[in-house]
Amino acid sequence: MKLVYFARVREELGCDSEEVDIPLELLTVGQALDWLAARSPRHAEAFADRTKLRFALDQHMVKADAAISGASEFAIFPPVTGG
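Source: prediction; values computed, not measured.

Asker: Just to check I follow, could you spell out the pattern of salt bridges for this structure?
Answerer: Side chains carrying opposite charge are able to pair once their charged atoms draw close together. Overall, the coordinates contain four salt bridges when judged by the stated rule. Residue Arg8 pairs with Glu12 through a salt bridge whose shortest N-O separation is 3.1 Å. One end of the pair is Arg8 and the other is Glu12, both in helix α1 (residues 7-13) and four residues apart, which spans about a single turn. Arg8 sits in the partly exposed class, given a relative accessible area of 26%. Its salt-bridge partner being Arg50, residue Asp34 comes within 2.8 Å of it at the nearest N-O pair.

Below you can see the structure in the form of structure tokens.
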């Protein structure tokens, strides 16, 4: 799965994307975040406060309880404001 990071998340991880094989037993965005956070201290820090994160699967906004099965892209980013 391609992971895409934006804004603060990208800065904390030091990269804008990465390819990972998410284990099949992980069913939701939240479970995938738990697994990702365990990958390194940088990942743990970037995903520590999930109230300040938003998620998209294949460019569709989702919540942490969304199923990840079948998705090819998982984006993680802080809330966006605009004007």
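Asker: Is there a simple way to explain the nonpolar core in this structure?
Answerer: Proteins that are soluble and globular tend to have nonpolar side chains buried together. If you look at the biggest cluster of nonpolar residues, it comprises 23 residues, and the most contacted ones within it are Val9, Val29, Phe47, Ile68, Phe74 and Ile76. For this core, the secondary structure elements donating two or more residues are β1 (2-5), α1, α2 (29-37), β3 (54-57) and β5 (73-77). Of all the elements, α2 adds the most residues to this core, at five residues. Sequence-distant contacts of Ile76, defined by excluding residues within four places in its chain, comprise Val4, Tyr5, Phe6, Val9, Leu33, Leu36, Phe47, Leu53, Arg54 and Phe55.

Analysis parameters
- Residues numbered from 1 in each chain as written.
- Predicted model: local features only at pLDDT ≥ 70, side-chain atom pairs only at ≥ 80, totals over all residues.
- Heavy atoms only, no water.
- Salt bridge = Lys/Arg side-chain N within 4 Å of Asp/Glu carboxyl O.
- Helix = DSSP H or I, 4+ residues; strand = E, 2+ residues; numbered from the N terminus.
- Buried < 20%, exposed > 50% of the residue type's maximum accessible area, 1.4 Å probe, protein only.
- Core = buried A, V, L, I, M, F, W, Y, C linked by side-chain atoms within 4.5 Å.
- Contact = heavy atoms within 4.5 Å.

So, to be careful, I would describe these as geometric facts and stop short of saying anything about function.
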